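Report on the structure
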Amino acid sequence: MNAILRNTFYKCSIIAKNLKFTPLSRFYGSNPTNTGILNVDTKVNKDVVLYKFEKVRQVRMLSAFGLGQAMFWNYWAHFLYTAIKDTPVDESKLDENSKWYDKINLGQNKYKIAFSAACLFVGNGMFLAAVLYARRCVNKIVLKRGGHSILLSVYTPWGGTSTFSTPLSNVSCVYARDLSKWSTPIKVKGHSFYYTLDNVGGKFNNVMLFDATVGLKRSLK
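Since the model is a prediction, treat every value here as computed from it, not as a measurement.

1. Section: helix α4 (residues 109-136)
Over its 28 residues, α4 runs 39 Å from end to end, which matches the ideal 40 Å to within 8%, given 1.5 Å per residue. Taken residue by residue, α4 has K112, S116, C119, G123, A130, V131 and A134 as its buried positions. Residues of α4 that are buried sit in contact with α3 (56-83) and β3 (149-155).

In structure tokens:
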């Protein structure tokens, strides 16, 4: 038994020595320790596009799908509430072989309201999810001249964009850009939800400059 334990411990120690960990220190705290980032000059003398994501068609299609689902389920909610008739159950026709649904009067208000509410929840929930996706999806990030603030452009539900400016001190990257395969969330102080950067379809034009500015995790208290 001791020999097995020693052999297992030896193998684990070899595996641990060969593991390579991604340094996270540069992403946690406003004072990065990574020498590569420390050498990046963030005081740019002109506006620099750090990130861009051009997917207008995708945003429009998703919003149209959400709207279509809302219309479909709202129609069904109205139909179920108005079309189902209040038909009392004839208990004289019931026996021990009757199905459970034969004993229910689906035309009662409690059932009609429940069915309609469920349809409304599904349809409007899908539309709301499509709208929130568009409003959270970042179209472009521009580091403004001087390197102290950024322009953040996000999509509107029908493919347009809205842009606002914020100081870098109000922006925090939730986790490292290269640790996520699909998206990178960023938090802006004063905004109730996270914005997302698409790592697959989006393009980071200056990776080092992004990591040294927007890509840092900061305390937004």
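Next comes the rest of the account.
2. Here we look at the side chain of T184
Inspection of the secondary structure puts T184 in strand β6 (residues 183-188). For T184, a relative accessible area of 0% gives the class buried. Looking at T184, its side chain comes within polar contact range of the side chain of N199, at 3.1 Å.

3. Concerning the sheet that holds strand β5 (residues 171-173)
Read from one edge of the open sheet, three strands run β5-β6-β7, paired in antiparallel fashion. Each edge of the open sheet carries a strand with a single partner, namely β5 and β7 (195-198). Strand-to-strand twist in this sheet, taken as the mean axis angle between neighbours without regard to direction, amounts to 30 degrees. Note: β5 against β6, three bridges, orientation antiparallel. Note on β6: the bridge partner recorded for V171 is V188.

4. Brief notes about the packing of aromatic side chains
The full count for this structure, using the stated rule, is ten aromatic pairs. Considering the side-chain rings of Y51 and F204, the 5.0 Å spacing of their centres and the 50 degrees angle between planes classify their relative orientation as tilted. Placement of the pair is Y51 in strand β1 (residues 48-52) and F204 in strand β8 (residues 203-204), with a sequence separation of 153 residues. By relative accessible area, F204 is classed as buried at 17%. With a centroid separation of 6.0 Å and 45 degrees between ring planes, the pair formed by F164 and Y195 is classed as tilted. Separated by 31 residues along the polypeptide, F164 in strand β4 (residues 161-167) and Y195 in strand β7 bring together distant segments of the chain. By the ring-pair criterion, three or more aromatic residues cluster together here, those being F72, W73, Y75, W76 and F79. Of note, K112 hangs over the ring of Y81, and the distance from its end group to the ring centre comes to 5.1 Å. K187 extends its terminal NZ or CZ atom over the ring of Y194, reaching a point 5.3 Å from the ring centre.

5. Section: the side chain of K187
Mapped onto the fold, K187 is located in strand β6. Although K187 is buried, it makes no salt bridge; D198 carries the closest opposite charge, 20 Å away. Here the side chain of K187 touches H191 through a polar contact of 2.4 Å, landing on its backbone oxygen. If sequence neighbours within four positions are ignored, K187 has contacts with N170, V171, S172, S192, F193, Y194 and L220.

Calculation notes
Residues numbered from 1 in each chain as written. Predicted model: local features only at pLDDT ≥ 70, side-chain atom pairs only at ≥ 80, totals over all residues. Heavy atoms only, no water. Helix = DSSP H or I, 4+ residues; strand = E, 2+ residues; numbered from the N terminus. Expected span 1.5 Å × (residues − 1). Buried < 20%, exposed > 50% of the residue type's maximum accessible area, 1.4 Å probe, protein only. Contact = heavy atoms within 4.5 Å. Polar contact = N/O pair within 3.5 Å; in protein donor to acceptor, adjacent residues only side chain to side chain. Pairing = 2+ DSSP bridges. Axes fitted to C-alpha atoms, helices over the stretch in contact; angles between N-to-C directions. Phe/Tyr/Trp six-rings, centres within 6.5 Å; stacked < 30°, edge-to-face > 60°. Lys NZ or Arg CZ within 6 Å of the ring centre and 35° of its normal. Lys, Arg positive; Asp, Glu negative; His and termini not counted. Salt bridge = Lys/Arg side-chain N within 4 Å of Asp/Glu carboxyl O.

None of this, on its own, says anything about what the molecule does.
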